[in-house]
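# Structural characterization, general
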Amino acid sequence: FFLFFCQAVFMGEQGTISVFFSEYNNIPKKLRIIDLFLLWSFFTGVIQFVYVCLVGTFPFNSFLSGFISCVGTFVLFASLRLQLNPGNSFRVSEERAFADFIFCNFVFHLAVFNFMG
Amino acid sequence: QIYFFIVCLSIVGLSYGFPSSTFTQGNSLRNILKEYQPINIEEVFYVVQALDNLSSEPSSKSSHCDLATQTLNEASDLASIYHAVYVSETLGCAKNANQKVAGKLLNLKPELTSTEDLFYATAAAFKLKDKKHLSFTSSQFSPILSVLSDRVSVDGSVKDTADERSGTLYHSGLAFQIAALLKSSDLTQDQKFTLEIFEENIEGLLELYTETEEGLMYIDNSDSRTAFRTTESFITGSFELLDDTDIFTEESILENVAEHILLNCPFSNLRDVYHFSKLINLMIKEKEPSIVVSLPNTTFSATDKSSGNIAVLVTDLLGNPISNVKVFLMKATSFADDSVVYSNQQLNSVSNKEFSFNFFTGKPSQGYYFLDIGVQVGGDTIKQTTRTIKVVTSVSVASVSIDVLDSADKEVTQSHNVVPGKKFGHFKTSYFYSLNLHFSVKDDASKQLTRVQQATIRFSGRTTEGSFAIEFQEDSSYKSLLDVKEIGRDLWYISGDYDVSLIIGDPFIDNSFVWELGTVTFNFPPYLKVAEQENVYATRNEIEHTFRVPDKRPSETVSLGFSAGVLVPSVFLLISLLTIGISIKFPSGLGFIYSLLFLATIGGVFFTYSGFWFGHFNMFETLGKLLFVGPLSFLFGYLALKAKSNTRLAEHEKVKQE
């Protein structure tokens, strides 16, 4: 079963990963750029979390601030991606979605900077 | 006839306030005044006049006369003229008033002169006139009355000047003295009316006294430093103006003032000494001089039969005897039960000022007694005053018996008896027993059993002590059954030896005592012993502060390593963006400018956040800056995105058309 699984996923043009990447290249560039930002905020948060797990929570407020900044950024980017995806039928225009994204970042990062210490 | 006389005594005796002490410091006061070196004419005036009031003379008359003459030659102001005139006239070295003095005194403008200066001028002028050193018509000073009349305030007191809000008793007294000097002059109707107003106002102003601990004084503006001056000025002025001074007698004003000033002789202040001497002089020389009724001794011991003679001294204010005086004991009342012990007894004359009465003929019991003493001078009405005496006695306790009983069946297991001067033998008792105390207190005067206020038994141990009151019984003895359990509660159930004492005390016995009866050992169950109470005054242990343990921190290498690690995703992001190939397209025209401005305002917002984080701004300043940058960001963002949107829609249309 394992061999079959690996073969299905990795091997050939019909492998899951190959299909994924070929289909992924077809989506609009904007969405791929947003996906990069999503990955960036995700891994930044993971590295901070690993650090806290290794050395402790001091200073806790700074950790929370950094971690929540990553989480919040991830969420806002995800929301922007949902709104910009042509497959979803949102009534807001791209510019409006971007403006909302910028405003939410303003408010969110005011709290982050305040909490950072 | 005798009964009628006695009834009259009891009816007509008027209640009165006689001073209770005499002025005995006359000689010391004279010596102080004679030795005093005055430095100006005012102080010379006080020294000379005070000595004159005390019937004495200063030692250095010539220097005082020279100073007075020099002052009159200068005639600089009315106050110094007044002082110099009185000094020279009293010492007998006065001459006719010179032109300067006459000019100052006789050419007054009353409406422009204060009440005090008006008094100085009037008194000095009339003094000179009296001694024939200045001649003028009295009516020259009459207009002063009209001016004073304008200075009367609502309560009847007189102001110093018309501008002041209210008058004072001091200036009222000065005004009354001026009015008294002008009374016999030719006055207009208005001026006579002013005199009547002044006389009527005196009765109301007399009620403005201030009660002191000893009597009363007149005080202006709550300033007790000028009490002597105000009192003397006001009383002198009232006395000189009024024809009928009975109001002072009726209200006991002079007696109460005398009571205060005799007990508060102002040795330290020269001006007050002058006013004090003037008051004493007035009280002695008035038609009804003050009578002092004093009791040299107010406590009498009933056990000493010979000490029952109450001596009453009846003198004038200076301690001199008063002739033709009779003294009566109108009534002696017990404070305890208001019973009348004596009434209508005439005191025996021992000397020209001492009268006595044997208070113990009626065998009074101990306590306070109010004596209503009546004094009759010649054939005058009897005037009464009240004095308080205290009768004390001695007591003794013949013996004290202590029985030790079993608390359960009340069986007597031990019996001890102790007489004065002895102690009972040391005995032991324990928790399950009771002590039955019994004794009597005898009044040594009446030989009767009596009751005292404090009859207490005390047990004193090494660290604890307990006192218990003994109950007074119907048979006039003292008896108490003390359970050792109750005794132990006060002694914290600490077993050991305790000294037993009997305490007898009362305010009306003169031999209160503590009698050490002996020693008793109490045995209490150990489990009842109360732990020693913490001594609140003992030193406590030093408090050692435990500070918060700092949190564990990683090494610098690890922290820096992770700081670099956090940046790694950013590097990958940058590389990935370049790989994908991002294209930054700005709208054309104004849209380009708006886009740049939009980006600038976004940068401004995050710059403000950074400034807050670095501590350059506080939250309020940050919000203030955001209030400026934020709307700009919105505006430029809207414009930029609108331009972008238009561009996008235009391209979309173009593609559609193609």
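The structure contained in this document is the topic of the report that follows.

What counts and how
- Residues numbered from 1 in each chain as written.
- Chains lettered and ligands numbered in written order.
- Predicted model: local features only at pLDDT ≥ 70, side-chain atom pairs only at ≥ 80, totals over all residues.
- Heavy atoms only, no water.
- Pairing = 2+ DSSP bridges.
- Helix = DSSP H or I, 4+ residues; strand = E, 2+ residues; numbered from the N terminus.
- Patch = residues over 30% accessible without salt bridge, like charges linked within 9 Å, V, L, I, M, F, W, Y side chains within 5 Å.
- Areas by Shrake-Rupley, 256 points an atom, 1.4 Å probe, with all protein chains shown as cover.
- Salt bridge = Lys/Arg side-chain N within 4 Å of Asp/Glu carboxyl O.
- Phe/Tyr/Trp six-rings, centres within 6.5 Å; stacked < 30°, edge-to-face > 60°.
- Buried < 20%, exposed > 50% of the residue type's maximum accessible area, 1.4 Å probe, protein only.
- Expected span 1.5 Å × (residues − 1).
- Contact = heavy atoms within 4.5 Å.
- Polar contact = N/O pair within 3.5 Å; in protein donor to acceptor, adjacent residues only side chain to side chain.
- 1 Å grid on protein atoms, 1.4 Å probe; cavity = no way out; pocket = protein on both sides within 12 Å on 5 of 7 lines; lining within 4 Å.
- Points joined across faces, edges and corners; volume = space filled by probe spheres on them.
- Nonpolar A, V, L, I, M, F, W, Y, C, P; charged D, E, K, R; others polar.

### Regarding the sheet that holds strand β9 (residues 348-349) of chain B
Sheet strands pair via backbone hydrogen bonds, and the direction of the pair is either parallel or antiparallel. All names here are of chain B. Sheet architecture is open: four strands sit in the order β4-β6-β10-β9, paired in antiparallel fashion. Only two strands of the sheet have a single partner each, and these edge strands are β4 (292-294) and β9. The pairing of strand β6 (residues 309-315) with strand β10 (residues 354-358) spans five bridges and is classified as antiparallel. Its bridge partner lying in β10, alanine 311 is registered against serine 356.

### Looking at a nonpolar patch on the surface
All names here are of chain A. Taken together, the side chains of Leu39, Phe42, Phe43, Val46, Val50, Leu54, Val71, Phe74 and Val75 make up a nonpolar region of the molecular surface, amounting to roughly 770 Å² of accessible area. Listing elements by their share of the nonpolar patch, those giving two or more residues are α3 (29-55) and α4 (60-84). Of all the elements, α3 adds the most residues to the nonpolar patch, at six residues. Examined against the element boundaries, valine 46 turns out to sit in helix α3.

### Observations concerning the packing of aromatic side chains
Aromatic ring pairs are reported here in terms of the distance separating the ring centres and the angle at which the planes meet. Residues and elements named next belong to chain B. Summed over all chains, the structure comprises 49 aromatic pairs over all chains. For the pair tyrosine 82 and tyrosine 86, a centre-to-centre distance of 4.8 Å together with 50° between the ring planes defines the contact as tilted. With a gap of four residues between them, tyrosine 82 and tyrosine 86 both fall in helix α5 (residues 78-91), about one helical turn apart. Both residues of the pair, tyrosine 82 and tyrosine 86, count as buried. A centroid spacing of 5.6 Å and a plane angle of 85° characterise the contact between tyrosine 493 and phenylalanine 524, whose relative ring orientation is edge-to-face. Of this pair, tyrosine 493 sits in the loop between α15 (484-490) and β21 (496-505) while phenylalanine 524 sits in the loop between β22 (513-523) and α16 (556-580), and the two are 31 residues apart along the sequence. Across this residue pair, the class does not change: tyrosine 493 and phenylalanine 524 are buried.

### A closer look at helix α3 (residues 41-53) of chain B
All names here are of chain B. With 13 residues, α3 extends 18 Å from end C-alpha to end C-alpha; this agrees with the ideal 18 Å at 1.5 Å per step. Burial analysis of α3 places 11 of its 13 residues in the buried class, which makes it a mostly covered element. The set of residues buried in α3 consists of Ile41, Glu43, Val44, Phe45, Tyr46, Val47, Val48, Gln49, Ala50, Leu51 and Asn53. Against α2 (26-35), α4 (61-74), α5 and α14 (270-285) lie the buried residues of α3. Between the side-chain oxygen of the N-cap and the backbone nitrogen of glutamate 42 there are 3.2 Å, and the N-cap of α3 in question is asparagine 40. Two residues or fewer past α3, serine 55 is found with a positive phi of approximately 60°.

### Describing the layout of surface pockets
One number sums up the size of the largest pocket: a volume of about 1,600 Å³. Around the largest pocket, the lining comprises 33 residues; the ones closest to its centre are A:Lys30, A:Phe98, B:Ser583, B:Lys585 and B:Lys644. Listing elements by their share of the lining of the largest pocket, those giving two or more residues are α3, α4 and α5 (94-116) of chain A together with α17 (590-613) and α18 (619-657) of chain B. Take the lining of the largest pocket: its biggest share by element is seven residues, from α5(A). Across the lining of the largest pocket, the residue classes break down as 21 nonpolar, four polar and eight charged. There is about 920 Å³ of room inside the second largest pocket. Listed by contribution, the elements that provide at least two residues to the lining of the second largest pocket are α3, α4 and α5 of chain A together with α16 of chain B. Looking at the lining of the second largest pocket residue by residue, the classes come out as 17 nonpolar, 13 polar and one charged.

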